Amino acid sequence: MLIAGTEAPDFTLKDQNGQPVTLRDFRDVRDVLLVFFPLAFTGICQGELDEIRDRLSCYQNDDTATLAISVGPPPTHKIWATQSGFTFPVLADFWPHGAVAQSYGVFNDGAGFANRGTFVIDRSGIIRFAEMKQPGEPRDQAVWTDALNALQSG
């Protein structure tokens, strides 16, 4: 897994609406919270993205953009995002399969999807916070807001 202090690998992926989202477009504009999740329509993933939806002003604002990433295809993400009320980008790391998760070191080769990797990337493109949990192991989302707040106060 990539560690804090590393330059974040750039990528372009399609969101749930089929629109391309490029990480470098946030440079010098907003910090980015990258949330890799294993699969749509699963319990822990639902809960984690529900937390983002329910506290959206903490995760998607003038200072921060949040990007959720999974190996699932855009049509699956579209249905899930619509049903769940996710208005933030849910990106498809579908093909080449898991290439972005691999570049961040969070792809689970045995399972064929990303582990629960979380990265906070500052406006200059440097990873300032990184953690990875295994499938079935929920994340403590308070550390996400702490990491984002540290960038604003730093």
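First, a word on scope: everything that follows refers to the structure included in this document. (Residues numbered from 1 in each chain as written. Predicted model: local features only at pLDDT ≥ 70, side-chain atom pairs only at ≥ 80, totals over all residues. Heavy atoms only, no water.)

### Concerning the overall build of the protein
Along the backbone of the protein there are 5 helices and 9 strands. Reading the protein from its N terminus to its C terminus gives the helix and strand order β-β-β-α-α-β-α-β-α-β-β-β-β-α. In terms of overall dimensions, the protein has C-alpha extents of about 40 × 30 × 30 Å along its principal axes. Looking at the protein as a whole, 47% of its 154 residues are labelled buried. Taking all contacts inside the protein whose residues are at least 6 apart in sequence as the whole, residues at least 24 apart take part in 65%. (Helix = DSSP H or I, 4+ residues; strand = E, 2+ residues; numbered from the N terminus. Buried < 20%, exposed > 50% of the residue type's maximum accessible area, 1.4 Å probe, protein only. Contact = heavy atoms within 4.5 Å.)

### Comments concerning helix α1 (residues 43-54)
Given a rise of 1.5 Å per residue, 12 residues ought to cover 16 Å, and the 16 Å separating the end C-alpha atoms of α1 matches this to within 8%. Every buried residue belonging to α1 is among C45, E48, L49, D50 and I52, and all of these are buried. Here the buried face of α1 lies against β3 (31-36), α2 (56-59), β4 (64-70), α3 (74-84), β8 (116-121) and α5 (142-153). (Expected span 1.5 Å × (residues − 1).)

### Regarding the environment of V32
Position of V32 among the secondary structure elements: in strand β3. For the pair formed by V32 and E137, sequence separation is 105 residues and the distance between their alpha carbons is 23 Å. For V32, the contacting residues outside a window of four places in its chain are L23, F26, A65, L67, F119, V120 and I121.

### A word on the side chain of D31
Along the chain, D31 falls in strand β3. Its relative accessible area of 4% is what places D31 among the buried residues. Within the structure, the side chain of D31 is placed 2.7 Å from the side chain of Q152, a separation counted as a polar contact. Setting aside residues up to four positions removed in sequence, D31 forms contacts with D63, T64, A65, I121, D122, R123, L151 and Q152. (Polar contact = N/O pair within 3.5 Å; in protein donor to acceptor, adjacent residues only side chain to side chain.)

### Here's the deal with the packing of aromatic side chains
The full count for this structure, using the stated rule, is 9 aromatic pairs. Measuring from ring centre to ring centre gives 5.5 Å for F36 and Y104, while their planes differ by 50 degrees; the resulting arrangement is tilted. Separated by 68 residues along the polypeptide, F36 in strand β3 and Y104 in helix α4 (residues 99-104) bring together distant segments of the chain. Y104 shares its class with F36; the two are buried. Ring centres 6.1 Å apart and planes at 75 degrees place the aromatic pair Y59 and W144 in the edge-to-face group. Linking Y59 in helix α2 with W144 in helix α5, this pair joins segments that are 85 residues apart in sequence. By relative accessible area, Y59 is classed as buried at 0%. Taking the relative accessible area as the measure of exposure, W144 reaches 0% and is therefore buried. (Phe/Tyr/Trp six-rings, centres within 6.5 Å; stacked < 30°, edge-to-face > 60°.)

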